[in-house]
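Observations on chain architecture
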Amino acid sequence: MSEFEKIKNLLLWYERAGINTFFNVSCPHIDAEKEKEEVNAQPADKARLLEELRQEIGDCKRCRLHKTRTNLVFGEGNPDARLMFVGEAPGEEEDRQGRPFVGLAGQLLTRLIESVGLTREEVYIANVLKCRPPGNRNPLEDEIKACSPFLFRQIEIIQPRIICALGSFAAKLLLGQNIAISKVRGRLLKGINGYNVFPTYHPAYLLRNPRQKKTAVEDFKRIKELLEKG
Ligand code: URA
């Protein structure tokens, strides 16, 4: 990739994350005091801070998806998780229940988590978007821009040791690069904001391409090893 393309991708990422101004920074999604508290959150405070964030999001109408959603899917799991999963967006079942990864892809994710001796309760699961795109279409740029600041705040509160990006939308957002998931999966990479990002295939992709499940199982084993190392 040329230097020009790298800078262009970086600026596109900032724009997607809602940052339009560099020298007169104004971000409608966060105030400075709140940010300090979230970044330095102690384990005991994390559940409260996540609940406050949920209240702040409220009955969100920040993008068009509010018109077609049934429930907003905030995310769930251990507020002090060492491992966090980030998927793309809620599907039909998630929209119905208001919980992430509870449909067929979610059942596969649960099996992959349990295959390495972990449980859903000890990790945290969220998505790039908190509302279902109609017909499960891909997220649009302006939807990611409106919603992703809330994901970043969840990450700042939880401070996971590893963020597993499920599929290309999560990997692109968290790495700040326009990458192909097949090129980056299976490795721990430095993402934006210093995040430790481990991309792997999205479970919905694995349902469509069952031969890749073996690769995903290997990726999950690697994640477990990395968590055990510290
Ligand atoms: N696919 C996702 O990306 N997220 C979910 O919560 C469910 C399916």
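For clarity, every value in this text was computed on a predicted model and none was experimentally measured.

As for the overall build of the chain
- Counting secondary structure elements, the chain contains ten helices and six strands.
- Each of the 230 residues in the chain was classed as buried or not, and the buried ones make up 40%.
- Sequence separation of at least 24 residues holds for 72% of the intrachain contacts in the chain that already meet a minimum separation of 6.

Focus on the pairing of strand E6 (residues 196–200)
- For E6, a buried count of four out of five residues is recorded, marking the element as mostly surrounded by other parts of the structure.
- Bridge analysis of strand E4 (residues 162–166) against E6 gives four bridges, and the strand direction is parallel. When the sheet's bridge partners are listed, Cys164 is paired in E6 with Phe198.
- In this sheet, E6 lies alongside strand E5 (residues 189–190) in antiparallel orientation, the contact comprising two bridges. Paired with Leu189 across the bridge in E6 is Val197.
- Counted along the chain from E5 to the antiparallel partner E6, the turn is five residues long, and its residue Asn193 has a positive phi close to 55°.

Regarding the nonpolar core
- In this structure, Met84, Val86, Val128, Ile163, Ala165, Ala170 and Leu174 are the most contacted members of the largest nonpolar core, which totals 53 residues.
- Counting residues per element, this core draws most heavily on helix H6 (residues 141–158), which supplies eight residues.

Some points on unusual backbone geometry
- At Asn136, a position not held by glycine, the phi torsion is positive, near 60°.
- You can see Asn136 is positioned in the loop between strand E3 (124–127) and H6.
- Here Asn136 falls in the partly exposed class, since 13 other C-beta atoms lie within 10 Å of it.
- In this structure, Asn193 takes a positive phi of about 55° despite not being glycine.
- Relative to the helices and strands, Asn193 resides in the loop between E5 and E6.

A few points about the pairing of E4
- In terms of residue burial, E4 counts as a mostly covered element, since four of its five residues are buried.
- Sheet analysis places strand E2 (residues 83–87) next to E4, joined by four bridges and oriented parallel. Within the sheet, the bridge partner assigned to Val86 lies in E4 and is Ala165.

Overview of the confidence of the model for the chain
- Here the chain averages 92 in pLDDT, while 87% of its residues score no lower than 70.
- A low-confidence stretch, residues 21–28 stays under pLDDT 50, and its non-local contacts, those more than four residues away or across chains, total two contacts.

Notes on the packing of helix H3 (residues 43–57) against H6
- The interhelical angle for the contact between H3 and H6, taken along N-to-C directions, is 170°, at an axis separation of 9 Å. In terms of orientation, H3 lies roughly antiparallel with respect to H6. Note on packing geometry: the crossing formed by H3 with H6 is right-handed. Touching Lys46, Leu49, Leu50, Leu53 and Ile57 of H3 are Phe150, Arg153, Gln154, Ile157 and Ile158, all from H6.

Topic: the sheet that holds E2
- Taken in spatial order, the six strands of this open sheet run E1-E3-E2-E4-E6-E5, and their pairing is mixed. Because the sheet does not close on itself, it has two edges, and the strands there are strand E1 (76–77) and E5.
- Here four bridges tie E2 to E3, and the two strands are oriented parallel to one another. If you follow Val86 over to E3, its bridge partner there is Ala126.

Notes on helix H10 (residues 213–229)
- Across its 17 residues, H10 extends 25 Å between first and last C-alpha, which sits within 8% of the 24 Å expected from 1.5 Å per residue.
- Looking at H10, one finds that the buried residues are Ala216, Asp219, Phe220 and Ile223. Buried residues of H10, viewed axially, fall in a sector of 100°; they line one side. Summarising the geometry of H10, the exposed residues directed more than 90 degrees from the buried face are Lys214, Lys221, Glu225, Glu228 and Lys229.
- Buried positions along H10 lie against E2, helix H5 (104–115), E4, E6 and helix H9 (203–208).
- Once H10 ends, the next one or two residues include Gly230, with phi positive near 140°.

Observations regarding the environment of Val86
- Counting through the fold element by element, Val86 comes out in strand E2.
- Put simply, Val86 and Cys164 are 78 residues apart on the chain and 6.3 Å apart in space, counted from C-alpha to C-alpha.
- Val86 has contacts with Ala126, Asn127, Val128, Leu151, Ile163, Ala165, Leu166, Ala170 and Leu174, leaving out every residue within four places of it along the chain.

Calculation notes
Residues numbered from 1 in each chain as written. Predicted model: local features only at pLDDT ≥ 70, side-chain atom pairs only at ≥ 80, totals over all residues. Helix = DSSP H or I, 4+ residues; strand = E, 2+ residues; numbered from the N terminus. Buried ≥ 20, exposed ≤ 12 C-beta atoms within 10 Å, placed from the backbone. Contact = placed C-beta atoms within 7 Å. Pairing = 2+ DSSP bridges. Core = buried A, V, L, I, M, F, W, Y, C linked by C-beta atoms within 7 Å. pLDDT = per-residue confidence, 0-100. Axes fitted to C-alpha atoms, helices over the stretch in contact; angles between N-to-C directions. Parallel < 35°, antiparallel > 145°, perpendicular 65-115°, else oblique. Left-handed = near helix turned anticlockwise from the far one by under 90°. Expected span 1.5 Å × (residues − 1). Arc of directions from axis to C-beta.

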